[in-house]
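Examining the three-dimensional arrangement
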Amino acid sequence: RSASLTLDPARTVAPVSRRTFGSFVEHMGRCVYGGIYEPSHPTADADGFRQDVLSLVREMGVSLVRYPGGNFVSGYRWEDGIGPVADRPVRRDLAWHSLETNEVGVDEFMRWADKAGVEVMYALNLGTRGVSEALDVHEYLNQPEGTFLADRRGRKPYGISMFCLGNEMDGPWQTGHKTAHEYGRLAAETARALRSAEPSLELIACGSSSSSMPTFGHWESTVLELAYDTVDYISAHAYYEPVDGDMASFLASAVDMDHFVDSVIATADSVGARLKSAKRIKISLDEWNVWYLSRFQSAPTPSEWEVAPRVIEDCYNVADAVVVGSLLISLLRHSDRVTAACQAQLVNVIAPIRAESTGPAWRQTTFHPFALTSRLAQGSVLDVDIASPTYATTRFGEVPVLDAVATYDSASLTVFAVNRSQDEPTELTFSLAPFPGTWQPADSWLLSDADLTATNTQEAPDRVVPQPLTIELDGETVRVSLPAVSWAAIRL
Ligand code: AHR
(Lines give C-alpha, C1' and ligand atoms only; values in the text may rest on other atoms or scores of the structure.)
Protein backbone atom coordinates (compact mmCIF):
# COMPACT_ATOMS: atom_id res chain seq x y z
CA ARG A 1 0.00 0.00 0.00
CA SER A 2 1.14 3.57 -0.54
CA ALA A 3 -0.03 6.94 0.70
CA SER A 4 1.17 10.48 0.12
CA LEU A 5 0.95 13.85 1.79
CA THR A 6 0.90 17.32 0.26
CA LEU A 7 2.57 19.86 2.52
CA ASP A 8 2.89 23.60 2.01
CA PRO A 9 4.56 25.95 4.52
CA ALA A 10 2.08 28.67 3.51
CA ARG A 11 -0.95 26.57 4.49
CA THR A 12 -0.93 26.85 8.27
CA VAL A 13 -3.71 25.94 10.69
CA ALA A 14 -2.42 27.80 13.76
CA PRO A 15 0.67 28.03 15.94
CA VAL A 16 1.28 24.87 18.01
CA SER A 17 -0.37 25.58 21.36
CA ARG A 18 1.80 24.34 24.24
CA ARG A 19 -1.43 23.78 26.17
CA THR A 20 -2.22 20.88 23.81
CA PHE A 21 0.19 18.86 25.95
CA GLY A 22 -1.80 19.06 29.14
CA SER A 23 -2.55 16.33 31.64
CA PHE A 24 -4.84 15.81 34.61
CA VAL A 25 -4.31 15.11 38.31
CA GLU A 26 -7.49 14.13 40.14
CA HIS A 27 -7.85 13.13 43.77
CA MET A 28 -8.78 9.68 42.58
CA GLY A 29 -7.32 6.26 43.25
CA ARG A 30 -3.51 6.47 43.43
CA CYS A 31 -3.01 9.54 41.26
CA VAL A 32 -2.24 11.94 44.12
CA TYR A 33 -1.57 9.63 47.11
CA GLY A 34 0.84 6.92 45.92
CA GLY A 35 1.33 8.78 42.64
CA ILE A 36 2.72 12.31 42.76
CA TYR A 37 2.84 12.28 46.59
CA GLU A 38 4.30 9.50 48.71
CA PRO A 39 6.38 10.77 51.65
CA SER A 40 7.56 7.27 52.54
CA HIS A 41 9.01 6.55 49.10
CA PRO A 42 12.84 6.54 48.87
CA THR A 43 12.77 9.25 46.19
CA ALA A 44 10.38 11.56 48.10
CA ASP A 45 11.64 15.10 48.58
CA ALA A 46 11.12 17.22 51.71
CA ASP A 47 7.55 17.98 50.57
CA GLY A 48 6.71 14.29 50.11
CA PHE A 49 6.72 14.44 46.30
CA ARG A 50 8.18 11.49 44.43
CA GLN A 51 11.14 12.77 42.44
CA ASP A 52 11.13 9.76 40.13
CA VAL A 53 7.57 10.71 39.11
CA LEU A 54 8.48 14.39 38.83
CA SER A 55 11.37 13.61 36.54
CA LEU A 56 9.12 11.52 34.24
CA VAL A 57 6.53 14.32 34.18
CA ARG A 58 9.24 16.72 33.02
CA GLU A 59 10.56 14.23 30.46
CA MET A 60 7.02 13.75 29.12
CA GLY A 61 6.80 17.45 28.27
CA VAL A 62 3.56 18.10 30.17
CA SER A 63 2.66 21.79 29.90
CA LEU A 64 -0.60 22.14 31.83
CA VAL A 65 -2.31 20.08 34.56
CA ARG A 66 -6.02 20.13 35.34
CA TYR A 67 -6.69 19.77 39.10
CA PRO A 68 -8.31 18.58 41.47
CA GLY A 69 -10.97 16.67 39.44
CA GLY A 70 -12.87 15.19 37.71
CA ASN A 71 -15.93 13.75 39.36
CA PHE A 72 -14.14 14.25 42.68
CA VAL A 73 -14.36 18.02 42.46
CA SER A 74 -18.15 18.03 42.43
CA GLY A 75 -18.21 17.15 46.14
CA TYR A 76 -14.91 18.80 47.16
CA ARG A 77 -14.47 21.50 49.80
CA TRP A 78 -11.23 23.21 48.84
CA GLU A 79 -10.82 24.78 52.29
CA ASP A 80 -10.45 21.29 53.84
CA GLY A 81 -7.05 21.21 52.15
CA ILE A 82 -5.52 24.41 53.58
CA GLY A 83 -3.92 25.23 56.92
CA PRO A 84 -1.97 22.85 59.18
CA VAL A 85 -2.15 19.31 57.78
CA ALA A 86 -2.82 17.84 61.25
CA ASP A 87 -6.05 19.86 61.49
CA ARG A 88 -7.44 18.81 58.12
CA PRO A 89 -10.55 16.63 58.13
CA VAL A 90 -10.91 13.22 56.53
CA ARG A 91 -13.96 13.27 54.23
CA ARG A 92 -15.94 10.84 52.12
CA ASP A 93 -15.36 11.11 48.37
CA LEU A 94 -18.69 10.02 46.91
CA ALA A 95 -17.44 10.01 43.32
CA TRP A 96 -14.94 7.18 43.87
CA HIS A 97 -16.30 5.76 47.14
CA SER A 98 -13.07 6.45 48.98
CA LEU A 99 -11.64 8.53 51.81
CA GLU A 100 -9.92 11.86 51.22
CA THR A 101 -7.37 12.72 53.90
CA ASN A 102 -6.74 16.24 52.55
CA GLU A 103 -3.02 15.81 53.21
CA VAL A 104 -2.53 17.31 49.78
CA GLY A 105 -4.48 20.51 49.20
CA VAL A 106 -4.13 23.33 46.76
CA ASP A 107 -0.98 24.84 48.33
CA GLU A 108 0.83 21.50 48.19
CA PHE A 109 -0.36 20.93 44.64
CA MET A 110 0.83 24.37 43.52
CA ARG A 111 4.23 23.58 45.02
CA TRP A 112 4.31 20.32 43.05
CA ALA A 113 3.24 22.14 39.85
CA ASP A 114 6.06 24.61 40.35
CA LYS A 115 8.57 21.77 40.67
CA ALA A 116 7.09 20.04 37.61
CA GLY A 117 7.17 23.31 35.63
CA VAL A 118 3.51 23.07 34.62
CA GLU A 119 0.67 25.57 34.41
CA VAL A 120 -2.41 24.69 36.51
CA MET A 121 -5.98 24.59 35.18
CA TYR A 122 -8.14 24.76 38.32
CA ALA A 123 -11.55 23.05 38.34
CA LEU A 124 -14.28 24.59 40.52
CA ASN A 125 -16.98 22.64 42.32
CA LEU A 126 -20.31 23.57 40.72
CA GLY A 127 -21.90 20.28 41.81
CA THR A 128 -22.53 20.77 45.53
CA ARG A 129 -21.40 24.41 45.55
CA GLY A 130 -21.87 27.61 43.61
CA VAL A 131 -20.87 31.23 42.99
CA SER A 132 -19.86 32.03 46.55
CA GLU A 133 -17.35 29.17 46.92
CA ALA A 134 -15.99 29.79 43.43
CA LEU A 135 -15.26 33.36 44.46
CA ASP A 136 -13.70 32.17 47.71
CA VAL A 137 -11.27 29.76 46.12
CA HIS A 138 -10.42 32.33 43.47
CA GLU A 139 -9.72 34.89 46.23
CA TYR A 140 -7.49 32.36 47.99
CA LEU A 141 -5.58 31.52 44.82
CA ASN A 142 -5.28 34.78 42.95
CA GLN A 143 -6.21 37.84 45.04
CA PRO A 144 -3.29 40.11 45.99
CA GLU A 145 -2.61 40.40 49.74
CA GLY A 146 -4.99 42.48 51.86
CA THR A 147 -8.19 40.41 51.99
CA PHE A 148 -9.16 37.68 54.45
CA LEU A 149 -8.60 34.69 52.15
CA ALA A 150 -5.60 36.16 50.33
CA ASP A 151 -3.93 36.72 53.70
CA ARG A 152 -4.71 33.15 54.80
CA ARG A 153 -2.70 32.02 51.75
CA GLY A 154 0.33 33.76 53.24
CA ARG A 155 2.35 33.81 50.02
CA LYS A 156 2.29 35.51 46.63
CA PRO A 157 -0.89 35.00 44.52
CA TYR A 158 -0.68 31.91 42.32
CA GLY A 159 -1.95 33.74 39.22
CA ILE A 160 -3.95 30.84 37.80
CA SER A 161 -5.48 31.84 34.46
CA MET A 162 -7.68 28.88 33.53
CA PHE A 163 -10.70 27.86 35.60
CA CYS A 164 -13.13 25.05 34.72
CA LEU A 165 -16.69 25.94 35.70
CA GLY A 166 -17.42 22.50 37.17
CA ASN A 167 -16.90 19.04 35.73
CA GLU A 168 -19.14 16.92 33.46
CA MET A 169 -22.30 18.56 34.74
CA ASP A 170 -24.23 16.83 31.93
CA GLY A 171 -23.55 13.39 33.47
CA PRO A 172 -26.25 11.78 35.66
CA TRP A 173 -23.37 10.23 37.68
CA GLN A 174 -22.12 13.68 38.66
CA THR A 175 -22.79 14.83 42.23
CA GLY A 176 -25.06 17.83 41.73
CA HIS A 177 -25.86 16.90 38.10
CA LYS A 178 -27.90 19.60 36.35
CA THR A 179 -29.99 20.17 33.27
CA ALA A 180 -28.35 22.21 30.52
CA HIS A 181 -30.47 25.21 31.45
CA GLU A 182 -29.73 24.97 35.19
CA TYR A 183 -26.03 24.57 34.50
CA GLY A 184 -25.87 27.26 31.80
CA ARG A 185 -27.33 29.83 34.21
CA LEU A 186 -24.94 28.80 37.01
CA ALA A 187 -21.93 28.82 34.67
CA ALA A 188 -22.87 32.28 33.35
CA GLU A 189 -23.35 33.76 36.82
CA THR A 190 -20.18 32.15 38.20
CA ALA A 191 -18.22 33.43 35.21
CA ARG A 192 -19.67 36.93 35.59
CA ALA A 193 -18.73 37.07 39.27
CA LEU A 194 -15.22 35.72 38.67
CA ARG A 195 -14.66 38.24 35.89
CA SER A 196 -15.66 41.07 38.22
CA ALA A 197 -12.79 39.91 40.42
CA GLU A 198 -10.32 39.32 37.58
CA PRO A 199 -11.42 40.20 34.04
CA SER A 200 -8.60 38.40 32.24
CA LEU A 201 -9.45 34.88 33.48
CA GLU A 202 -9.88 32.15 30.88
CA LEU A 203 -13.09 30.35 31.75
CA ILE A 204 -14.19 26.92 30.57
CA ALA A 205 -17.85 25.90 30.55
CA CYS A 206 -18.65 22.19 30.73
CA GLY A 207 -19.56 20.67 27.39
CA SER A 208 -20.51 17.03 26.98
CA SER A 209 -18.74 14.23 28.82
CA SER A 210 -18.77 12.27 25.56
CA SER A 211 -20.22 12.55 22.09
CA SER A 212 -22.45 9.57 22.88
CA MET A 213 -24.37 11.43 25.61
CA PRO A 214 -28.05 11.67 24.65
CA THR A 215 -27.88 15.41 25.37
CA PHE A 216 -24.80 16.00 23.17
CA GLY A 217 -25.26 19.05 20.94
CA HIS A 218 -28.35 20.30 22.69
CA TRP A 219 -26.32 20.63 25.89
CA GLU A 220 -23.60 22.74 24.20
CA SER A 221 -26.06 24.99 22.44
CA THR A 222 -28.20 25.60 25.56
CA VAL A 223 -25.19 26.26 27.80
CA LEU A 224 -23.57 28.59 25.27
CA GLU A 225 -26.78 30.51 24.61
CA LEU A 226 -26.71 31.36 28.32
CA ALA A 227 -22.97 31.82 28.82
CA TYR A 228 -21.51 32.78 25.41
CA ASP A 229 -20.38 36.26 26.42
CA THR A 230 -18.84 35.27 29.73
CA VAL A 231 -16.85 32.12 28.89
CA ASP A 232 -13.90 31.49 26.58
CA TYR A 233 -13.99 27.72 26.18
CA ILE A 234 -16.41 24.84 26.05
CA SER A 235 -14.98 21.53 27.24
CA ALA A 236 -15.18 18.13 25.55
CA HIS A 237 -14.24 14.74 27.01
CA ALA A 238 -13.38 11.71 24.87
CA TYR A 239 -12.28 8.23 25.95
CA TYR A 240 -11.73 5.27 23.62
CA GLU A 241 -11.37 1.50 24.04
CA PRO A 242 -11.62 -1.54 21.77
CA VAL A 243 -15.31 -2.52 21.94
CA ASP A 244 -15.92 -6.30 21.70
CA GLY A 245 -12.37 -6.77 20.36
CA ASP A 246 -13.06 -4.57 17.30
CA MET A 247 -9.47 -3.46 16.69
CA ALA A 248 -10.19 -1.96 13.26
CA SER A 249 -12.60 0.58 14.78
CA PHE A 250 -10.42 1.16 17.84
CA LEU A 251 -7.45 2.09 15.63
CA ALA A 252 -9.73 4.64 13.94
CA SER A 253 -10.69 6.37 17.23
CA ALA A 254 -9.24 9.65 15.96
CA VAL A 255 -11.87 9.70 13.20
CA ASP A 256 -14.43 9.90 15.97
CA MET A 257 -12.43 12.57 17.81
CA ASP A 258 -12.22 14.65 14.60
CA HIS A 259 -15.97 14.36 14.16
CA PHE A 260 -16.65 15.19 17.82
CA VAL A 261 -14.48 18.31 17.70
CA ASP A 262 -15.93 19.43 14.36
CA SER A 263 -19.45 18.99 15.76
CA VAL A 264 -18.69 21.06 18.88
CA ILE A 265 -17.17 23.81 16.70
CA ALA A 266 -20.24 23.81 14.43
CA THR A 267 -22.58 23.95 17.42
CA ALA A 268 -20.66 26.75 19.14
CA ASP A 269 -20.44 28.75 15.91
CA SER A 270 -24.15 28.36 15.25
CA VAL A 271 -24.85 29.85 18.70
CA GLY A 272 -22.39 32.66 17.92
CA ALA A 273 -24.20 33.31 14.63
CA ARG A 274 -27.61 33.41 16.35
CA LEU A 275 -26.22 35.84 18.94
CA LYS A 276 -24.61 37.92 16.15
CA SER A 277 -21.31 37.63 18.00
CA ALA A 278 -17.89 37.94 16.36
CA LYS A 279 -16.38 36.04 19.30
CA ARG A 280 -15.28 32.44 18.69
CA ILE A 281 -15.49 29.91 21.53
CA LYS A 282 -12.42 27.68 21.90
CA ILE A 283 -12.45 24.01 22.85
CA SER A 284 -10.73 22.57 25.89
CA LEU A 285 -10.47 18.81 25.36
CA ASP A 286 -9.68 18.53 29.02
CA GLU A 287 -10.13 14.78 29.38
CA TRP A 288 -9.05 12.41 26.61
CA ASN A 289 -7.32 9.05 26.50
CA VAL A 290 -7.65 5.33 25.96
CA TRP A 291 -9.68 3.99 28.92
CA TYR A 292 -10.92 0.40 29.27
CA LEU A 293 -14.15 1.87 30.61
CA SER A 294 -16.28 -1.24 30.19
CA ARG A 295 -14.00 -3.13 32.64
CA PHE A 296 -14.51 -0.36 35.19
CA GLN A 297 -18.26 -0.24 34.61
CA SER A 298 -18.63 -3.99 35.10
CA ALA A 299 -16.62 -4.00 38.38
CA PRO A 300 -18.67 -3.97 41.63
CA THR A 301 -18.82 -0.73 43.67
CA PRO A 302 -16.36 -1.13 46.57
CA SER A 303 -17.99 -1.83 49.92
CA GLU A 304 -15.11 -0.46 52.03
CA TRP A 305 -14.13 3.20 52.35
CA GLU A 306 -10.40 3.23 51.66
CA VAL A 307 -7.74 5.90 51.25
CA ALA A 308 -6.28 5.84 47.71
CA PRO A 309 -7.62 2.47 46.55
CA ARG A 310 -6.41 1.07 43.22
CA VAL A 311 -8.89 2.40 40.66
CA ILE A 312 -8.70 2.05 36.86
CA GLU A 313 -4.98 1.35 36.70
CA ASP A 314 -5.16 0.32 33.04
CA CYS A 315 -2.01 -1.29 31.67
CA TYR A 316 -1.48 -0.01 28.12
CA ASN A 317 -0.19 -1.99 25.15
CA VAL A 318 1.30 -1.14 21.75
CA ALA A 319 -2.08 -0.69 20.03
CA ASP A 320 -3.16 1.71 22.80
CA ALA A 321 0.00 3.77 22.26
CA VAL A 322 -0.64 3.96 18.51
CA VAL A 323 -4.17 5.20 19.24
CA VAL A 324 -2.85 7.80 21.73
CA GLY A 325 -0.44 9.01 19.02
CA SER A 326 -3.31 9.26 16.55
CA LEU A 327 -5.47 11.22 19.03
CA LEU A 328 -2.61 13.71 19.39
CA ILE A 329 -2.60 14.04 15.57
CA SER A 330 -6.31 14.90 15.73
CA LEU A 331 -5.75 17.46 18.50
CA LEU A 332 -2.90 19.16 16.60
CA ARG A 333 -4.97 19.24 13.40
CA HIS A 334 -7.59 21.27 15.31
CA SER A 335 -5.10 23.69 16.85
CA ASP A 336 -7.05 26.68 15.57
CA ARG A 337 -9.90 25.86 17.97
CA VAL A 338 -8.60 23.20 20.40
CA THR A 339 -6.02 25.29 22.22
CA ALA A 340 -6.02 23.31 25.47
CA ALA A 341 -6.17 19.56 26.03
CA CYS A 342 -5.50 17.28 28.99
CA GLN A 343 -4.69 13.61 28.73
CA ALA A 344 -6.48 11.93 31.63
CA GLN A 345 -4.80 11.18 33.95
CA LEU A 346 -1.11 11.63 34.79
CA VAL A 347 -0.05 8.92 37.25
CA ASN A 348 -1.46 5.42 37.95
CA VAL A 349 -5.11 6.23 37.05
CA ILE A 350 -5.45 5.53 33.28
CA ALA A 351 -2.04 7.11 33.11
CA PRO A 352 1.14 7.20 31.01
CA ILE A 353 3.20 7.04 34.23
CA ARG A 354 2.92 4.17 36.72
CA ALA A 355 4.35 4.17 40.23
CA GLU A 356 4.48 1.54 42.97
CA SER A 357 5.37 2.24 46.58
CA THR A 358 7.68 -0.77 46.53
CA GLY A 359 9.52 0.27 43.43
CA PRO A 360 10.33 2.81 40.80
CA ALA A 361 8.07 4.76 38.51
CA TRP A 362 7.97 3.70 34.86
CA ARG A 363 6.72 4.80 31.44
CA GLN A 364 3.68 3.03 30.02
CA THR A 365 3.61 2.53 26.23
CA THR A 366 1.37 5.59 25.90
CA PHE A 367 4.02 7.82 27.49
CA HIS A 368 6.14 7.70 24.35
CA PRO A 369 3.91 9.21 21.63
CA PHE A 370 2.93 11.98 24.07
CA ALA A 371 6.51 12.79 25.02
CA LEU A 372 7.75 12.77 21.42
CA THR A 373 4.84 14.85 20.11
CA SER A 374 5.26 17.39 22.90
CA ARG A 375 9.01 17.63 22.24
CA LEU A 376 8.92 17.69 18.43
CA ALA A 377 5.77 19.70 17.58
CA GLN A 378 7.16 23.18 17.03
CA GLY A 379 6.20 26.33 15.15
CA SER A 380 2.99 26.11 13.15
CA VAL A 381 0.63 23.26 12.44
CA LEU A 382 0.30 22.69 8.68
CA ASP A 383 -2.92 21.87 6.88
CA VAL A 384 -1.98 18.51 5.31
CA ASP A 385 -3.71 16.91 2.29
CA ILE A 386 -3.68 13.12 2.68
CA ALA A 387 -4.07 10.66 -0.18
CA SER A 388 -4.53 7.25 1.40
CA PRO A 389 -6.26 3.95 0.73
CA THR A 390 -9.16 3.24 3.09
CA TYR A 391 -10.37 0.26 5.11
CA ALA A 392 -13.77 -0.72 6.44
CA THR A 393 -14.72 -0.29 10.11
CA THR A 394 -17.92 -1.31 11.85
CA ARG A 395 -18.21 1.87 13.87
CA PHE A 396 -16.91 4.62 11.57
CA GLY A 397 -17.41 3.29 8.02
CA GLU A 398 -14.52 3.56 5.51
CA VAL A 399 -11.57 5.33 7.07
CA PRO A 400 -8.13 6.27 5.70
CA VAL A 401 -5.42 3.77 6.54
CA LEU A 402 -2.94 6.59 7.00
CA ASP A 403 -3.46 9.70 9.10
CA ALA A 404 -0.94 12.51 9.59
CA VAL A 405 -0.31 16.06 10.66
CA ALA A 406 2.81 18.23 10.31
CA THR A 407 4.41 21.06 12.24
CA TYR A 408 6.94 23.44 10.79
CA ASP A 409 9.27 26.22 11.78
CA SER A 410 12.16 27.48 9.71
CA ALA A 411 14.56 25.00 11.38
CA SER A 412 12.49 21.82 11.40
CA LEU A 413 9.63 19.97 9.78
CA THR A 414 8.02 17.10 11.66
CA VAL A 415 5.37 14.77 10.26
CA PHE A 416 3.44 12.72 12.81
CA ALA A 417 1.86 9.74 11.06
CA VAL A 418 -0.08 6.62 11.91
CA ASN A 419 -0.60 3.46 9.86
CA ARG A 420 -3.87 1.86 11.00
CA SER A 421 -3.61 -1.17 8.72
CA GLN A 422 -3.47 -4.37 10.75
CA ASP A 423 -1.85 -6.44 8.03
CA GLU A 424 0.32 -4.33 5.72
CA PRO A 425 3.01 -1.66 5.85
CA THR A 426 2.20 1.67 4.21
CA GLU A 427 4.83 3.34 2.03
CA LEU A 428 4.51 7.06 2.72
CA THR A 429 5.91 9.80 0.48
CA PHE A 430 5.84 13.58 0.55
CA SER A 431 7.70 16.36 -1.21
CA LEU A 432 9.87 19.06 0.34
CA ALA A 433 9.82 21.17 -2.84
CA PRO A 434 7.57 23.92 -1.38
CA PHE A 435 9.91 24.39 1.62
CA PRO A 436 12.78 26.87 1.36
CA GLY A 437 16.30 25.70 2.16
CA THR A 438 18.11 22.41 2.10
CA TRP A 439 16.83 19.55 4.24
CA GLN A 440 18.45 16.52 5.82
CA PRO A 441 16.79 13.65 7.69
CA ALA A 442 17.01 14.21 11.45
CA ASP A 443 16.30 11.83 14.37
CA SER A 444 12.99 10.13 13.59
CA TRP A 445 11.04 7.63 15.70
CA LEU A 446 8.78 4.63 15.23
CA LEU A 447 6.45 2.96 17.72
CA SER A 448 5.43 -0.49 16.56
CA ASP A 449 5.83 -4.11 17.61
CA ALA A 450 5.07 -7.54 16.22
CA ASP A 451 3.12 -8.14 19.44
CA LEU A 452 0.37 -5.51 19.71
CA THR A 453 -0.42 -6.67 23.22
CA ALA A 454 3.09 -6.00 24.56
CA THR A 455 3.15 -3.73 27.63
CA ASN A 456 5.69 -2.10 29.93
CA THR A 457 5.68 -3.41 33.47
CA GLN A 458 7.58 -2.84 36.68
CA GLU A 459 9.71 -5.90 35.82
CA ALA A 460 10.20 -4.94 32.14
CA PRO A 461 9.68 -1.15 32.05
CA ASP A 462 11.28 -0.69 28.62
CA ARG A 463 9.75 -3.63 26.76
CA VAL A 464 8.05 -1.12 24.40
CA VAL A 465 10.07 1.96 23.45
CA PRO A 466 10.26 4.03 20.25
CA GLN A 467 12.90 2.83 17.80
CA PRO A 468 14.97 5.01 15.46
CA LEU A 469 13.24 5.24 12.07
CA THR A 470 15.18 5.38 8.81
CA ILE A 471 13.84 7.81 6.26
CA GLU A 472 14.99 8.09 2.67
CA LEU A 473 15.49 11.45 0.98
CA ASP A 474 15.44 11.08 -2.78
CA GLY A 475 16.00 14.57 -4.20
CA GLU A 476 13.09 16.49 -2.68
CA THR A 477 10.98 13.39 -2.01
CA VAL A 478 10.84 11.82 1.44
CA ARG A 479 10.01 8.10 1.60
CA VAL A 480 9.34 6.11 4.69
CA SER A 481 7.89 2.68 5.33
CA LEU A 482 5.42 2.47 8.22
CA PRO A 483 4.80 -1.07 9.52
CA ALA A 484 1.27 -2.30 10.23
CA VAL A 485 -0.22 -0.64 13.34
CA SER A 486 2.47 1.95 13.91
CA TRP A 487 2.94 5.56 14.91
CA ALA A 488 5.89 7.62 13.70
CA ALA A 489 7.50 11.02 14.14
CA ILE A 490 9.39 11.85 10.93
CA ARG A 491 11.80 14.73 11.38
CA LEU A 492 13.73 16.83 8.89
O1 AHR B 1 -10.77 10.58 34.47
C2 AHR B 1 -11.68 9.78 35.16
C3 AHR B 1 -13.08 10.38 35.23
O4 AHR B 1 -13.63 10.41 33.94
C5 AHR B 1 -13.20 11.81 35.69
O6 AHR B 1 -13.24 11.94 37.07
C7 AHR B 1 -14.50 12.24 35.10
O8 AHR B 1 -14.56 13.62 34.87
C9 AHR B 1 -14.63 11.40 33.84
O10 AHR B 1 -15.86 10.81 33.74
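This text follows the structure it describes.
This one's a predicted model, so the numbers in the text were calculated from it and none came from an experiment. (Residues numbered from 1 in each chain as written. Predicted model: local features only at pLDDT ≥ 70, side-chain atom pairs only at ≥ 80, totals over all residues. Heavy atoms only, no water.)

Looking at the overall build of the protein chain
For the protein chain, the count of helices and strands is 11 helices and 27 strands. Each of the three principal axes of the protein chain carries a C-alpha extent, and together these read 70 × 60 × 45 Å. Taken over 492 residues, the protein chain has a buried fraction of 61%. (Helix = DSSP H or I, 4+ residues; strand = E, 2+ residues; numbered from the N terminus. Buried < 20%, exposed > 50% of the residue type's maximum accessible area, 1.4 Å probe, protein only.)

A few points about the packing of aromatic side chains
Tallying each qualifying case throughout the model produces 18 aromatic pairs. Seen from their ring centres, Tyr408 and Phe435 are 5.0 Å apart, and the 65 degrees between their planes marks the pair as edge-to-face. With Tyr408 in strand 20 (residues 402-409) and Phe435 in the loop between strand 22 (426-431) and strand 23 (445-447), the pair connects residues that are 27 residues apart, well separated along the chain. With a centroid separation of 6.2 Å and 85 degrees between ring planes, the pair formed by Phe435 and Trp439 is classed as edge-to-face. With respect to class, Phe435 is no different from Trp439; both count as buried. Aromatic ring contacts, followed pair by pair, group Tyr67, Phe109, Trp112, Tyr122 and Phe163 into a single cluster. The positively charged end of Arg66 is found above the aromatic ring belonging to Phe24, 4.9 Å away from the centroid. A cation sits over an aromatic face here: Arg363 above Phe367, 5.7 Å from the ring centre. (Phe/Tyr/Trp six-rings, centres within 6.5 Å; stacked < 30°, edge-to-face > 60°. Lys NZ or Arg CZ within 6 Å of the ring centre and 35° of its normal.)

Considerations on the environment of Gln364
By secondary structure assignment, the location of Gln364 is in the loop between strand 15 (361-363) and helix 11 (367-376). By relative accessible area, Gln364 is classed as buried at 0%. When the C-alpha positions of Gln364 and Val13 are compared, they lie 31 Å apart, and in sequence the two are 351 residues distant. Other than its neighbours up to four places away in sequence, Gln364 contacts Asp314, Cys315, Tyr316, Ala351, Pro352, Arg354 and Asn456. Polar contacts involving the side chain of Gln364 include one to the main-chain carbonyl oxygen of Asp314, which spans 2.8 Å. (Contact = heavy atoms within 4.5 Å. Polar contact = N/O pair within 3.5 Å; in protein donor to acceptor, adjacent residues only side chain to side chain.)

Thoughts on the packing of helix 10 (residues 318-333) against helix 11
Following both chains from N to C, one finds helix 10 and helix 11 inclined at 30 degrees, their axes separated by 8 Å at the closest point. Relative to helix 11, helix 10 is oriented roughly parallel. The handedness of the crossing between helix 10 and helix 11 comes out as right-handed. From helix 10, Ala321, Val324, Gly325, Leu328 and Leu332 reach across to helix 11, where they touch Pro369, Phe370 and Thr373. For the contact of helix 10 with helix 11, the residue count by class is 6 nonpolar, 2 polar and no charged. (Axes fitted to C-alpha atoms, helices over the stretch in contact; angles between N-to-C directions. Parallel < 35°, antiparallel > 145°, perpendicular 65-115°, else oblique. Left-handed = near helix turned anticlockwise from the far one by under 90°. Nonpolar A, V, L, I, M, F, W, Y, C, P; charged D, E, K, R; others polar.)

Here's the deal with the site of the ligand
In the vicinity of the ligand, the contacting residues are Phe24, Glu26, Gly70, Asn71, Trp96, Asn167, Glu168, Tyr239, Glu287, Trp291 and Gln345. At 2.6 Å, a side-chain N or O of Glu26 approaches an oxygen atom of the ligand. In the environment of the ligand, an oxygen atom lies 3.0 Å from a nitrogen or oxygen atom belonging to the side chain of Asn167. Calculation on the ligand without its partners gives an accessible area of 280 Å², and the protein chains cover 96% of this total. Cavity membership is defined here by more than half of the atoms lying within 2 Å of grid points; on that basis the ligand lies in the largest pocket. When the residues that make up the shell around the ligand are grouped by side-chain class, the tally is 4 nonpolar, 4 polar and 3 charged. (Near = heavy atom within 4 Å. Areas by Shrake-Rupley, 256 points an atom, 1.4 Å probe, with all protein chains shown as cover. 1 Å grid on protein atoms, 1.4 Å probe; cavity = no way out; pocket = protein on both sides within 12 Å on 5 of 7 lines; lining within 4 Å. Sits in = over half its atoms within 2 Å of the grid points.)

Here we look at the sheet that holds strand 1 (residues 2-6)
Think of a sheet as strands paired side by side through backbone hydrogen bonds, with each pair either parallel or antiparallel. Strand order in the open sheet formed by 5 strands is 17-1-22-26-25, with mixed pairing between adjacent strands. Pairing within the sheet leaves two strands with one partner each, and these edge strands are strand 17 (385-387) and strand 25 (472-474). Along the sheet, successive strands turn relative to each other by an average axial angle of 20 degrees, direction set aside. For strand 22 and strand 26 (residues 477-482), the ladder comprises 6 bridges, and the chain directions are antiparallel. Across the sheet, residue Thr429 finds its bridge partner in strand 26, namely Arg479. (Pairing = 2+ DSSP bridges.)

Observations concerning the sheet that holds strand 2 (residues 12-15)
Read across the sheet, 7 strands follow the order 2-16-20-21-27-23-24 without closing on themselves; strand pairing throughout is antiparallel. The open sheet has two edge strands with one neighbour each: strand 2 and strand 24 (467-468). Note that strand 16 (residues 380-382) and strand 20 share 3 bridges and pair antiparallel. By the bridge assignment for strand 20, Leu382 is matched with Ala406. The strands that helix 10 touches are strand 2, strand 16, strand 20, strand 21 (412-419), strand 23 and strand 27 (486-491); relative to strand 20, the one it contacts most, it runs at about 55 degrees.

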